[in-house]
Amino acid sequence: MTKPIELSVIAMPTGQPQWTALARRCEAIGARALLVPDHPGSGPSPYVALAAAAATTSTLRLSSYVSNAGVRHPLLLAGDVATLDVVSDGRAELAIGAGHTPAEWQMIGRDRPESRERVREFIRVAGAARALLAGESVDGASVGARSDLRLDEPVRIQQSVPMLVGGGNPDLLDWAGSNADAVGLSGLGRTLPDGHRHTVRWSTARIDAQTGRVRDAAATAGVPTPPIEALVQYVRETSDRAAAAAEIANRADASNEDVLHAPYVLLGTIEQIVEQLYAARERWGISRWAVREDGLDVAERVLAVLRA
């Protein structure tokens, strides 16, 4: 069955009136979810912000985007998601990845592990958090705890809280394809010296490999391929795609061809962007996009065309 094309909005609160208006607007335009970045020390608490958004909406899905498994204890993470599920009447989701920002580890007294160990830690934490949200007990030794973990309260509204896994590491994608309810691709590569920005990896060959890996892992596990979501890095409404692509390619250190075809860039007229979404779904099975707040006006018009 072909999955519907859905757009979610990534945003942060700057004040109560702004946040209430934004959450209501996202719901009114038909956005799938409101997503709040989770970067301890450099951003708001996502679950406090999402609980506030829950109080003023009724259908909008709510999630962090994404929580760093390396700095989030699974019991505390599951407790936050479970509480959000209760106050939102069953609209919470868990989004989790292996993390990339060195400062987040350093502020809790650790050095950022190398990639392989980050993925191993992600699998431990994500698996434990998901089990806790399903009402199961978790062997504490598996996550370095001195006793088994349980989440007796609050009782979730959803029997199974959906989990999105974000990242591009091959081992992480293998696990996500067979375990996650959705997989988020960012198109990001090596972390740059500032610890926050990244190189980009937008080649069609790389996207072919990553989406193929998710499909293969799901097939091996005998489960349906989870929805695949692209994190949008640039949104440009323009009548001159070629010129805008050249400008973005120069800024992102990518090729023009990659910019024109990558699902991480929404570029062109509204009609061309809609065509781009359908093309990415056809080629890669990508059916969901996460768009930052500065792309909300374009997202609203795209959603209007998709609903027409």
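- Looking at an unreviewed UniProt entry, one finds the protein chain named LLM class flavin-dependent oxidoreductase, with Solicola gregarius as its source organism.

1. Things to note about the overall build of the protein chain
Next up, step 1: Secondary structure assignment for the protein chain yields 11 helices and 13 strands.
Next up, step 2: Computed over its C-alpha atoms, the radius of gyration of the protein chain comes to 19 Å, within 12% of the 19 Å expected for a compact globule of 308 residues.
Next up, step 3: With the principal axes as the frame, the protein chain shows a C-alpha extent of 60 × 40 × 40 Å.
Next up, step 4: Considering only contacts in the protein chain between residues 6 or more positions apart, those separated by 24 or more positions represent 70%.
Next up, step 5: Taking the average location of the 32 positive side-chain charges in the protein chain and that of its 37 negative ones, the two points are 2 Å from each other.

2. Some points on the packing of aromatic side chains
We describe a pair of aromatic rings using the distance from one ring centre to the other and the angle between the two ring planes.
Next up, step 1: Summed over the entire model, instances satisfying the criterion amount to 2 aromatic pairs.
Next up, step 2: Ring centres 6.2 Å apart and planes at 85° place the aromatic pair tryptophan 202 and tyrosine 234 in the edge-to-face group. Here tryptophan 202, found in the loop between β9 (198–200) and α7 (204–221), pairs with tyrosine 234, found in strand β11 (residues 234–237); they are 32 residues apart in sequence, far enough to count as distant.
Next up, step 3: Using a relative accessible area of 2% as the deciding quantity, one classes tryptophan 202 as buried.
Next up, step 4: Owing to a relative accessible area of 18%, tyrosine 234 belongs among the buried residues under this scheme.

3. Observations concerning the sheet that holds strand β13 (residues 286–292)
Next up, step 1: An order of β3-β2-β1-β13-β10-β7-β6-β5-β4 is seen for the 9 strands of this open sheet, with the pairing classed as parallel. Lying at the two open borders of the sheet, with one neighbouring strand each, are β3 (61–64) and β4 (67–68).
Next up, step 2: Bridge analysis of strand β1 (residues 6–10) against strand β2 (residues 33–36) gives 2 bridges, and the strand direction is parallel. Each bridged residue has a counterpart across the sheet, and for isoleucine 10 the counterpart in β2 is leucine 35.

4. Quick look at the pairing of β13
Side chains on a regular strand alternate between the two faces of the sheet.
Next up, step 1: The buried fraction of β13 amounts to 6 of the 7 residues, a majority that puts the element mostly inside the structure.
Next up, step 2: Bridge analysis of strand β10 (residues 228–231) against β13 gives 4 bridges, and the strand direction is parallel. By the bridge assignment, alanine 230 is partnered in β13 with tryptophan 289.

5. Concerning α7
Next up, step 1: Relative to the 26 Å expected for 18 residues at 1.5 Å per residue, α7 spans 26 Å between its end C-alpha atoms, a close match to the ideal helical length.
Next up, step 2: Burial in α7 covers these residues: Ile207, Gln210, Thr211, Gly212, Val214, Ala217 and Ala218.
Next up, step 3: Where the residues of α7 are buried, they touch α6 (170–179), β7 (182–185), β10, α10 (270–284) and β13.
Next up, step 4: Of the residues one or two after α7, glycine 222 is the one with positive phi, at around 75°.

Parameters and conventions
Residues numbered from 1 in each chain as written. Predicted model: local features only at pLDDT ≥ 70, side-chain atom pairs only at ≥ 80, totals over all residues. Heavy atoms only, no water. Helix = DSSP H or I, 4+ residues; strand = E, 2+ residues; numbered from the N terminus. Rg over C-alpha atoms; globule rule 2.2 N^0.38 Å. Contact = heavy atoms within 4.5 Å. Lys, Arg positive; Asp, Glu negative; His and termini not counted. Charge placed at Lys NZ, Arg CZ, Asp CG, Glu CD. Phe/Tyr/Trp six-rings, centres within 6.5 Å; stacked < 30°, edge-to-face > 60°. Buried < 20%, exposed > 50% of the residue type's maximum accessible area, 1.4 Å probe, protein only. Pairing = 2+ DSSP bridges. Expected span 1.5 Å × (residues − 1).

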